[in-house]
Amino acid sequence: MKAPTLISLGLAAALFWSAPLQAEDAPLKVGFVYVSPIGDAGWTYMHDRARQIVDKEFGDRVETNYVESVSEGSDSQRVIRNLSANGHDLIFTTSFGYMNPTIRVAQRFPNVRYEHATGYKTAENVGNYQARAYQGRYLAGMAAGAMTETDTIGYVAGFPIPEVLRGINAFTLGVREVNPDASVRVSWINSWHDPAKERESASSLIRQDADVLTMHADSPAVVQAAQDEGVYGIGYNSNMESYGPDAHLTSVMMHWEPIYREKIQAVLDGSWESKSIWYGLSEGVVKMAPMHPDIPESVTERISKHRNAIINGDREVFQGPVRNQDGEEIIAEGESLSDGQLLEINWYVEGIKGKLPN
Amino acid sequence: MSIDIIENILFATIRTGTPLLLVALGAMISERSGVLNLGQEGMILVGAVCAFIGAYTTDSLLIGVASGLASGALFSLIFAVIAISLVSSQIATGLALTIFGTGLSAFLGVDYVGLSIDGLDEWPIPLLHDIPVIGKAFFAQDMLVYGSFALFAAIYYVMSRTRVGLIIRAVGENPGVAHSMGYRVLLVRYATVMFGGAMAGLAGAYLSLAYTPMWTEGMSAGRGWIALALVVFASWRTGRVLVGAWLFAFASILHLVLQGFGYDISPNLLGMLPYLATIIALVMMMQRAGTAQLAPRSLGQPYYPQK
């Protein structure tokens, strides 16, 4: 598609031309690169909300700028380079596909600090950060497992990358925790942001008997479809209750501001160093929206018990015994997956219907 | 596959095909008069956001639809002035319109992200919607889908049976001759471009009021570009535009349904299916019909009337 390319070209050019003169004690310039428009009501929307929060908190000490709808690949490299060249001290690149471009640009700007979201590579001046969304997915899965009557739950998903598979697996583990008979059907749509397709995919899952839906895509279309067709829906990224007041069981919400606050503060203090951080329920990066009143109290109590156990470190989401789709034990009793293994998940847990696309 | 599933697939096909059909018909009309407007994507988005704002602020879906139509037409006027009156490059102007429309819709819609409205309801037509297999697809849809049927019929009639259609085609084939015969080439082109804008605006309204009643930036997700390609592969014929739009929609739905049945086909491959199927089908139709001349002859060329 030509349009996003041209937009980001235009934006990149605009950034280039607007390169201001650096004042003496200028504020710390922090740049953000977003993969979708800030009005997507999903992933980028929550990153930008976090940017606005920290921008306000730090006041005059920090100036934030962002470039939205930057496609992954060489376009993003140009945008990141331009941000680096016009005086940004810290740059957050907020999509998996920005990993290599970020690393490449970082080599040429050793004095600029970079933070890349959801990847696995670091360098001297490149750190990375992630959110343990899967912890929230697990709790949401428990709600779904308790509320399904057909024992079929639908999951609309963008692309089969580890981040998404981790969420689907964790969700399914949560479902089976409360309802061992239930299974999860996944529908791949090959897009992060196409509301009409997300909606159609949701309808298609409902026709295959799903009566609770959730998604790993950007828009609230799936929750809306659930409302429309009289089933339950679970939101992601932001609280999506307004899109399905009767349907909305809960949402797994992403709050990036604790990470942005910490990283910006570190640069201001001069204590920044390249790290990989992975924050979840404990740090308030992943939160749950209020639960639907239809969910029985016994279930919500169980959910909050698990939530507390995860926060206290008493239990892991991927805690053995866990079997894969073929019934082989992947995680033995008493063991759990390391962060490294979590980052490389490329299998389905037991309870997911359909084959994992390669 | 049971009848029920086929019924649902067809229902979803028509729903998915509607925005494509509306945009492609509009684009076809302006291209038949010789104007290539690549701004479809921008016009859809402007139509979608204005329709949503109209419906949200007045609580009336009718006003929403009207705002979609009007905003699309007005927005295309920018293109018309620059590309027709000021004879700039149609390609560049169209691309600029898409970029501008994407930005403008985001700007207008900032305060409307995260809001929800009750969308357009389905209006099953008594008796007809009970027809097995196709009843639900054709007679249990919402008003905008019925509107797309009516618009298709009207456009088909106008383009093949009326003087107006003949004039539009004459302007697109040879504006010089049309001019010397006393037709106002520029006026015709303004009209077709604004008609195309209104159609794209209507498609936007369908997305933000009926299909997924909400506003999110970039919600057209490339449908404007697909519609433009459909027009080319349909070799500017009204009937083939309809076939192409619905076929594309059918293949996209099949992609979702086949996954559900657990067929072990890569989703990337399935994702290509709509494009492949549509191109192959339309190219075959082109071959069979032996369409000698494809594009309107003056397509993309500006015209300066000689006084």
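Source: prediction; values computed, not measured.

## Looking at the domain arrangement of chain A
Residues and elements named next belong to chain A.
So, step 1. Annotation of chain A at the domain level lists domain 1 (3-131) and domain 2 (133-254 + 285-353).
So, step 2. If you average the C-alpha positions of domain 1 and of domain 2, the two centres end up 30 Å apart.
So, step 3. Residue-level contacts link 10 residues of domain 1 with 15 residues of domain 2.
So, step 4. Taken over both partners, the interface formed by domain 1 and domain 2 buries close to 1100 Å², and the fraction arising from carbon and sulfur atoms is 63%.

## With respect to the packing of helix α7 (residues 195-207) of chain A against helix α8 (residues 221-228) of chain A
Residues and elements named next belong to chain A.
So, step 1. Remark: α7 packs on α8, axes separated minimally by 8 Å, with the N-to-C direction vectors making an angle of 45°. One element, α7, and the other, α8, form an angle in the oblique class. Along this stretch, α7 crosses α8, giving a crossing that reads as right-handed. Seen from α7, the contacting residues are Pro195, Glu198, Arg199, Ala202 and Ile206; seen from α8, they are Ala221, Val222, Ala225 and Asp228.
So, step 2. Residue composition of the contact of α7 with α8, grouped by class: 6 nonpolar, no polar and 3 charged.

## Describing empty space enclosed by the protein
All names here are of chain A.
So, step 1. What the rule picks out here adds up to 2 cavities of 30 Å³ or more.
So, step 2. For the lining of the largest cavity, the secondary structure elements donating two or more residues are β5 (126-131), α5 (133-147) and α6 (162-178).
So, step 3. The residue makeup of the lining of the largest cavity, split by class, is 7 nonpolar, 4 polar and 4 charged.
So, step 4. Viewed by domain, the lining of the largest cavity spans two of them, domain 1 (3-131) and domain 2 (133-254 + 285-353), each represented by three or more residues.

## Here's the deal with the interface of chain B and chain A
So, step 1. Between chain B and chain A, the residue contacts involve 35 residues of the former and 37 residues of the latter.
So, step 2. Buried area between chain B and chain A, both sides added, is near 3100 Å², and the carbon and sulfur share of it is 58%.
So, step 3. Here chain B and chain A share 11 residue pairs in polar contact (both at pLDDT 80 or more) between them.
So, step 4. Of all elements in the fold, only α1 (3-32), α4 (90-109), α9 (185-211), α10 (223-233), α11 (238-260) and α12 (267-289) of chain B reach the threshold of two or more residues within the side of chain B that touches chain A.
So, step 5. When grouped by side-chain class, the residues that make up the side of chain B that touches chain A number 16 nonpolar, 15 polar and 4 charged.

## Regarding the pairing of strand β1 (residues 28-33) of chain A
All names here are of chain A.
So, step 1. Of all 6 residues making up β1, 6 are buried, and the element is well covered by its neighbours.
So, step 2. Alternating positions in β1 separate into two faces, Leu28, Val30 and Phe32 on one and Lys29, Gly31 and Val33 on the other, with burial throughout.
So, step 3. Pairing analysis gives 6 bridges linking β1 to strand β2 (residues 62-67), with the strands arranged parallel. Bridge pairing in β2 places valine 33 opposite valine 67.

## Thoughts on the sheet that holds strand β10 (residues 248-254) of chain A
So, step 1. Strand order across the open sheet formed by 7 strands is β12-β10-β9-β8-β6-β7-β15 (chain A), with mixed pairing between neighbours. The open sheet is flanked by β12 (286-288) and β15 (352-353) of chain A, the only strands paired with a single partner.

## Focus: helix α10 (residues 297-312) of chain A
Residue and element names in this part refer to chain A.
So, step 1. Relative to the 22 Å expected for 16 residues at 1.5 Å per residue, α10 spans 22 Å between its end C-alpha atoms, a close match to the ideal helical length.
So, step 2. Of the residues making up α10, those classed as buried are Val299, Ile303, His306, Ala309 and Ile310. Down the axis of α10, the buried side of the element spans an arc of 125°, and every buried residue falls inside it. Of the exposed residues in α10, those oriented more than 90 degrees away from the buried face are Glu297, Ser298, Lys305 and Asn312.
So, step 3. On its buried face, α10 sits against α5 and α6.
So, step 4. Phi turns positive, to about 85°, at glycine 313, one or two residues after α10.

What counts and what doesn't
- Residues numbered from 1 in each chain as written.
- Chains lettered and ligands numbered in written order.
- Predicted model: local features only at pLDDT ≥ 70, side-chain atom pairs only at ≥ 80, totals over all residues.
- Heavy atoms only, no water.
- Domains from an automatic or database assignment.
- Contact = heavy atoms within 4.5 Å.
- Buried area = accessible area lost by both parts, 1.4 Å probe.
- Axes fitted to C-alpha atoms, helices over the stretch in contact; angles between N-to-C directions.
- Helix = DSSP H or I, 4+ residues; strand = E, 2+ residues; numbered from the N terminus.
- Parallel < 35°, antiparallel > 145°, perpendicular 65-115°, else oblique.
- Left-handed = near helix turned anticlockwise from the far one by under 90°.
- Nonpolar A, V, L, I, M, F, W, Y, C, P; charged D, E, K, R; others polar.
- 1 Å grid on protein atoms, 1.4 Å probe; cavity = no way out; pocket = protein on both sides within 12 Å on 5 of 7 lines; lining within 4 Å.
- Points joined across faces, edges and corners; volume = space filled by probe spheres on them.
- Polar contact = N/O pair within 3.5 Å; in protein donor to acceptor, adjacent residues only side chain to side chain.
- Buried < 20%, exposed > 50% of the residue type's maximum accessible area, 1.4 Å probe, protein only.
- Pairing = 2+ DSSP bridges.
- Expected span 1.5 Å × (residues − 1).
- Arc of directions from axis to C-beta.

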